[in-house]
Amino acid sequence: MFQSLADNLDKTFRNLRGVGRISEKNITDALREVRIALLEADVEFGVAKDFINKVKEKSIGEDVLKSIKPGEQIIKFFNDELTELLGGDQSPLDLNPPARILIVGLNGAGKTTTSAKLALRLKKEGRRPLLVACDLYRPAAIDQLATLAKQIDVPIYTPDASEKDVVKVAKDALVWSENQNGTVVIFDTAGRQEIDERLVEELKRLHTFLNPKETLLVADAATGQQAVSVATHFDEAVGITGIILTKLDGDSRGGAALSMRAVTGKPIKFA
């Protein structure tokens, strides 16, 4: 991930370091190359534009232009802004009781697998996770989560195959969880190929009922420009608290990560 972006930025930075005297033209040329690199990495246009403007504002100061190593200073500005864009420090999960985690996202992003991976991670940390299958639409979704839960030895609540009311499933699951000695409950939800009103309304009802401490958007790292629309819609619908990026081996550009982090202001909690 970020490999192609890193390669392009590295080339630009080498050129900056090699310039003995920095001028506004040097900076403008470098910024143009960085903007192209960001867009080629599938960073959303508005995000790339804001990023460039922030770096430019810092770089064209008189102190920078007259400093002994202006190229190094400008590279530091880039580094600082990229760090800020990606969220700076790691943001931990809120697992204070009642610790409920709602997993949301589009079909195919990897929500069900991610739910199990998160449960396993929490288990290794000494927590006692429980899984709840709330995807009542995708064929075999419940069976998939049940199989994964068995593999990692985590208790799971599975609704009846005929059940269609996701809030009723959540209510029954909470009653079930009271006898399971768990410390955190992870709810895997249904997705769609694209966001629609039915999906949004179902998630809103479920979110209102559960009032989860964490609402995590699972997103395919190769989503590209669509990432901004997906992240914005889910954030507006249920107020996501963080992002989990999946399928990082399938994309070296990393634009989705930068774009979603920027437009929602929410941290990337796991990859």
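Throughout what follows, the structure given in this document is the object of discussion. In this text, all values refer to a predicted model and were calculated from it rather than measured experimentally. (Residues numbered from 1 in each chain as written. Predicted model: local features only at pLDDT ≥ 70, side-chain atom pairs only at ≥ 80, totals over all residues. Heavy atoms only, no water.)

### Description of the overall build of the protein
A tally of regular secondary structure across the protein gives eleven helices and seven strands. Every one of the 271 residues in the protein was classed for burial, and the buried ones make up 48%. In the protein, the proportion of contacts linking residues at least 24 apart, taken out of those at least 6 apart, comes to 77%. Carbon and sulfur atoms make up 48% of the accessible area of the protein, which amounts to about 13500 Å² in all. (Helix = DSSP H or I, 4+ residues; strand = E, 2+ residues; numbered from the N terminus. Buried < 20%, exposed > 50% of the residue type's maximum accessible area, 1.4 Å probe, protein only. Contact = heavy atoms within 4.5 Å. Areas by Shrake-Rupley, 256 points an atom, 1.4 Å probe, with all protein chains shown as cover.)

### As for the packing of helix α6 (residues 111-124) against helix α7 (residues 141-152)
Close contact between α6 and α7 brings their axes to 9 Å; oriented N to C, the two are set at 20°. In terms of orientation, α6 and α7 fall into the roughly parallel class. In this structure, α6 crosses over α7, and the sense of that crossing is right-handed. Facing Thr112, Thr113, Ser115, Ala116, Ala119, Leu120 and Lys123 of α6, the residues of α7 in contact are Ala141, Gln144, Leu145, Leu148 and Ile152. (Axes fitted to C-alpha atoms, helices over the stretch in contact; angles between N-to-C directions. Parallel < 35°, antiparallel > 145°, perpendicular 65-115°, else oblique. Left-handed = near helix turned anticlockwise from the far one by under 90°.)

### Side note on unusual backbone geometry
In this structure, Pro98 follows Pro97 across a cis peptide bond, with omega equal to -5°. Inspection of the secondary structure assignment puts Pro98 in the loop between α5 (70-86) and β1 (100-104). Phi angles above zero are rare outside glycine, and Asp153 is one such case at about 60°. Note that Asp153 resides in the loop between α7 and β3 (156-157). The class of Asp153 is exposed, set by a relative accessible area of 60%. A positive phi angle is found at Asn181, which is not glycine, with a value near 60°. Tracing the backbone shows Asn181 in the loop between α8 (166-177) and β4 (184-189).

### A look at the nonpolar core
With 60 residues, the main nonpolar core has Ile101, Leu118, Phe187, Phe234 and Met260 as its most contacted residues. Ranked by residues supplied to this core, first place goes to α8 with seven residues. If we skip the residues at most four places from it in the chain, Ile101 touches Leu93, Leu95, Leu118, Leu122, Val184, Val185, Ile186, Phe187, Glu214 and Leu216. Ranked by size, the runner-up nonpolar core spans 24 residues in total, among them Ala30, Val34, Val55 and Phe78. (Core = buried A, V, L, I, M, F, W, Y, C linked by side-chain atoms within 4.5 Å.)

### A word on the packing of aromatic side chains
Counted by the stated rule, this structure contains two aromatic pairs. Centre to centre, the rings of Tyr157 and Trp176 are 5.8 Å apart; their planes meet at 50°, and the pair counts as tilted. Residue Tyr157 is located in strand β3, and its partner Trp176 is located in helix α8; the two are separated by 19 residues in the primary sequence. A relative accessible area of 17% places Tyr157 in the buried class. By relative accessible area, which is 19% here, Trp176 ends up buried. (Phe/Tyr/Trp six-rings, centres within 6.5 Å; stacked < 30°, edge-to-face > 60°.)

### Comments concerning the pattern of salt bridges
Scanning all chains against the criterion turns up 13 salt bridges. For the salt bridge of Lys76 with Asp80, the shortest nitrogen-to-oxygen distance reads 2.8 Å. One end of the pair is Lys76 and the other is Asp80, both in helix α5 and four residues apart, which spans about a single turn. A relative accessible area of 29% places Asp80 in the partly exposed class. A network of salt bridges, in which partner residues are shared, links Lys25, Asp29 and Arg32. (Salt bridge = Lys/Arg side-chain N within 4 Å of Asp/Glu carboxyl O.)

### Focus: α7
Its twelve residues give α7 an end-to-end C-alpha distance of 17 Å, which sits within 8% of 16 Å, the value for a rise of 1.5 Å per residue. Taken residue by residue, α7 has Ala141, Ile142, Leu145, Leu148, Ala149 and Ile152 as its buried positions. For α7, the angular spread of buried residues about the axis comes to 130°, placing them on one side. For α7, the exposed residues lying more than 90 degrees away from the buried face are Asp143, Lys150 and Gln151. Looking at the buried side of α7, the elements it contacts are α6, β2 (129-134), β3 and β4. One or two positions beyond α7, positive phi appears at Asp153, with a value near 60°. (Expected span 1.5 Å × (residues − 1). Arc of directions from axis to C-beta.)

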